[in-house]
Amino acid sequence: MALFTFPGGVHPAEKKDLSKNSPIERLPLPKQVTLYLSQSIGAEPELTVEVGQKLKTGQLIARNKGIISVPLHSPVTGTVKEIKKVMHPIHQKPMESITIETDSKTEEFDFLPPIDDYLNASSQQLYSRILEAGIVGLGGATFPSHAKYIESLKKPIETVILNGAECEPYLTIDYRMMLEKTSEIIEGLKILMKISGAKNGIIGVEDNKPEAIEELKKFESDKIKVISLKTKYPQGAEKQLIYAATGKKVAVGAFPFSVGVIMQNVSTAYAVYEAVKLGKPLIERGVTITGEGVKSPKNVISKIGVPIQELIDYSGGFTGEVEKVISGGPMMGLALKDTSSTVMKGTSGILTMVKSSGKPVPERACINCGFCVFRCPMNLEPNYLVKLIKNKQFDKAVESGLMSCMECGSCAYTCPSKIDHVKNFKTAKRVYSALKGRK
Amino acid sequence: MNFNTSSAPHLRSNDNVRKVMIDVLIALLPATIMAVVNFGWNALLLCVIGVAGAELVELFIMKVLRKKKDFVPDGSAAVTGLLLALNVSGTLPWYLLLIGILVAIGLAKHIYGGLGGNPFNPALVGRVFLFISFPTQMTTWMKAGSWKISDALVTSATPLGILKDKGMETALAQNGYMDMFLGNIGGSMGEISVLALLIGFAFLVIRGRIKIAIPVSYIGTVLLISSIFYFVNPNQYGSPLFHILSGGLMLGALFMATDMVTSPSTIKGCLIFGFGCGVITMLIRYFGAMPEGVSFSILIMNAVKPLIERKTRLKPFGYVPVKKGAK
């Protein structure tokens, strides 16, 4: 069978065997959780509770501010212990956080009212539920999920695509979800199709997960199809997967609904199902704890706000000389300074990497081999962009497509001269926006 | 506890420049073997001096003159040295090759900052320098394999030389197409055996190490132009097959024009680059004073490369052209 794919991309070692056969376990209740108020792309929500206040599991603790913003809920039953600014691991500046001490004796719930007959509910009602439940894209980008459907409420779209590619090496949580929560994911997809008015649902899964494809195929219908994607990084990137599944190219700077598509991660679809059927807000998520640096890699459901050290301890602790602890996958994840930061809505994995043998290879001059150009899924010329950025020609770099770069890292991965393209691009994007803001 | 917080991607392929260069050296091995088989001990000496001399010259420049204490040889000089050796006559005295190497590595490469900075293919700069400075020694062609039968030098004109002087029929009477394909002709050490070059090229293609668009477009252009001229006057201009099997075309198109540093990095750029090489090669072969023009054509296109790159910039995935008049 012809596989669906996109031009460009790379083939890093998958390393999924470390954790792919570990069924999802539920992490024990933490003693306390610390939540950064900013858990997603968009505005930081506004606190609605104060120190000393008793909270139930699922109770609102911060209200969304504006459209691109989501509310936050208490993952545990307990008492607000502290509200203070701490270093935010992603924004790299002190930001508001809330620490809740867990009541170990009782657990009380304050969920939203369940919508049992969801297939006959109105689009508006389901849309509001996704917003109220604080759901964001769980693949890692953390774009507020409801915001994807604003346009579709006015003009129905064609297709909802569920992203089950999980193209990042090491990570297996989406795979386990597809195996273990198959029918829930399908129901989630039906809800998303209902909200957006989509006629078709497509679930795209890389062909290195045949068991997941087989499970999902049992639920195929006239409207819902499962497609096998070629195993290639970054197959799960939004524009690449839409192209692979539908042949449509989302224009530069445009959103997928411009081609009649909305895409959502499979784990997000599961969260949507829980929010609608059970009234459960987004207070926990699946996380893969893996890498050569932990004793027994696992897939777990963790509450938001659990210190990363607890997840590592649950997996048997560190082993070997750990050099990096990464939030997310090895290609796009964020290397953490220490393990005191906590699980966020976007934390799809905790990856530990041990010190590699041999000296790190220094960056060398570009030999213009063109490997990066050939592999770039966005059809950019990474070698040229780096040259422009090193010459501080930021305007020209932006003209040449810098902002189309999604920082997938295919260029840096493949470069024989070990040039750190992505680092240059990230810096250049920041400098460019800063310069533009000043004008 | 503080961990390494370097930027993503945290995985890197285990590829590096040295591996690329070693692959190119391996790809040149069949042509090198054919050179030694056909031209004897001096050919072997030249290849060894080419590789070792180039690496030593580069080591000296980097460690002593440029004071880069942490420099580790990456094999790029060896590629340049071997290519230069394969681009000279098997009869060339070794010290002349050494002069060529000094020019190639010193003048053409390190004055511009070393690997990645050179605008022109260093081996070709070295070759053209030798060609202009020592024209006699550079164009004394030994008859392939004659060293095994006779101690005295047996010379043989190259097929292109005969074509220029006496026409294709005479050229083919001396060496058939099969001789040209296998390398049973006079010429530079590495250029004579098309078969050996194709084997090396296939290896690079399998390893994903070569800008395939360049030889495709270069050789395609030569085929196209020679086909047209063949109809005008077969004997004077030579057949398309004659042109792709003779001279330095295969060595140039497969291994010299594809030099990564001095060629464009996009497919479209490579197609234009190869087309330019093809046109200039044929213009020189037909109308120039010399029988062969591969070296010059590639050097000229090296000079044009920045312009090609500027005119063939890629558009990002999903690029929408701005409509004229719309604001």
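Check the entry above for the structure.
Definitions and limits used
Residues numbered from 1 in each chain as written. Chains lettered and ligands numbered in written order. Predicted model: local features only at pLDDT ≥ 70, side-chain atom pairs only at ≥ 80, totals over all residues. Heavy atoms only, no water. Core = buried A, V, L, I, M, F, W, Y, C linked by side-chain atoms within 4.5 Å. Buried < 20%, exposed > 50% of the residue type's maximum accessible area, 1.4 Å probe, protein only. Helix = DSSP H or I, 4+ residues; strand = E, 2+ residues; numbered from the N terminus. Contact = heavy atoms within 4.5 Å. Phe/Tyr/Trp six-rings, centres within 6.5 Å; stacked < 30°, edge-to-face > 60°. Lys NZ or Arg CZ within 6 Å of the ring centre and 35° of its normal. Salt bridge = Lys/Arg side-chain N within 4 Å of Asp/Glu carboxyl O. Pairing = 2+ DSSP bridges. Axes fitted to C-alpha atoms, helices over the stretch in contact; angles between N-to-C directions.

Caption draft 1: Broad picture of the nonpolar core. Of all hydrophobic cores here, the largest spans 90 residues; its most connected members are Leu97(B), Tyr218(B) and Phe255(B). Considering each element in turn, this core owes the most residues, 9 residues, to helix α1 (residues 17-39) of chain B. If near-sequence neighbours (up to four positions away) are discounted, Leu97(B) is found in contact with Leu46(B), Ile49(B), Gly50(B), Leu84(B), Ala85(B), Val88(B), Leu92(B) and Leu130(B). Core analysis: the second largest hydrophobic core is formed by 46 residues, Ile115(A), Met177(A), Ala198(A) and Ala271(A) among them.

Caption draft 2: Geometry of the packing of aromatic side chains. Summed over the entire model, instances satisfying the criterion amount to 12 aromatic pairs over all chains. Here Phe318(A) and Phe3(B) contribute two aromatic rings whose centre-to-centre distance is 5.7 Å and whose plane-to-plane angle is 65 degrees, an arrangement assigned as edge-to-face. Residue Phe318(A) is located in the loop between α8 (308-314) and β15 (322-327), and its partner Phe3(B) is located in the segment before α1; the two belong to separate chains. Phe3(B) sits in the buried class, given a relative accessible area of 7%. What links up through ring pairs into an aromatic cluster is the set Phe229(B), Tyr237(B), Tyr286(B) and Phe287(B). The ring of Phe131(B) has Arg127(B) sitting right over it, with the charged end atom 5.9 Å from the ring centre. Sitting over the ring of Tyr384(A), Arg313(B) keeps its end group 3.2 Å from the ring centre.

Caption draft 3: Spotlight on the environment of Lys436(A). Residues and elements named next belong to chain A. Checked against the element boundaries, Lys-436 lands in helix α13 (residues 421-438). In this structure Lys-436 comes out as exposed when scored by relative accessible area, which is 53%. Residues Lys-436 and Ser-19 lie 417 residues apart in sequence; the distance between their C-alpha atoms is 45 Å.

Caption draft 4: Geometry of the pattern of salt bridges. All names here are of chain A. For the structure shown, the criterion picks out 29 salt bridges over all chains. Glu-151 serves as the salt-bridge partner of Lys-154, at 3.5 Å between the closest nitrogen and oxygen. Linking Lys-154 with Glu-151, this pair stays in helix α2 (residues 150-154), spanning 3 residues, or about one helical turn. With a relative accessible area of 33%, Glu-151 lands in the partly exposed category. If you follow the salt bridges from partner to partner, you end up with Arg-26, Glu-107, Glu-274, Lys-280, Glu-284 and Lys-303 in one network.

Caption draft 5: Examining the sheet that holds strand β13 (residues 284-291) of chain A more closely. All names here are of chain A. Ordered by their spatial adjacency, 6 strands build an open sheet running β1-β14-β13-β17-β15-β16, and the pairing between neighbours is mixed. Either end of the sheet is taken by a strand with one partner, and the two such strands are β1 (24-26) and β16 (334-336). On average, adjacent strands in this sheet sit at an angle of 30 degrees to one another, irrespective of strand direction. Sheet analysis places β1 next to strand β14 (residues 298-303), joined by 3 bridges and oriented parallel. Its bridge partner lying in β14, Arg-26 is registered against Ile-301. On the sheet, helix α3 (residues 173-180) packs against β1, β13 and β14 and is oriented at approximately 95 degrees with respect to β1.

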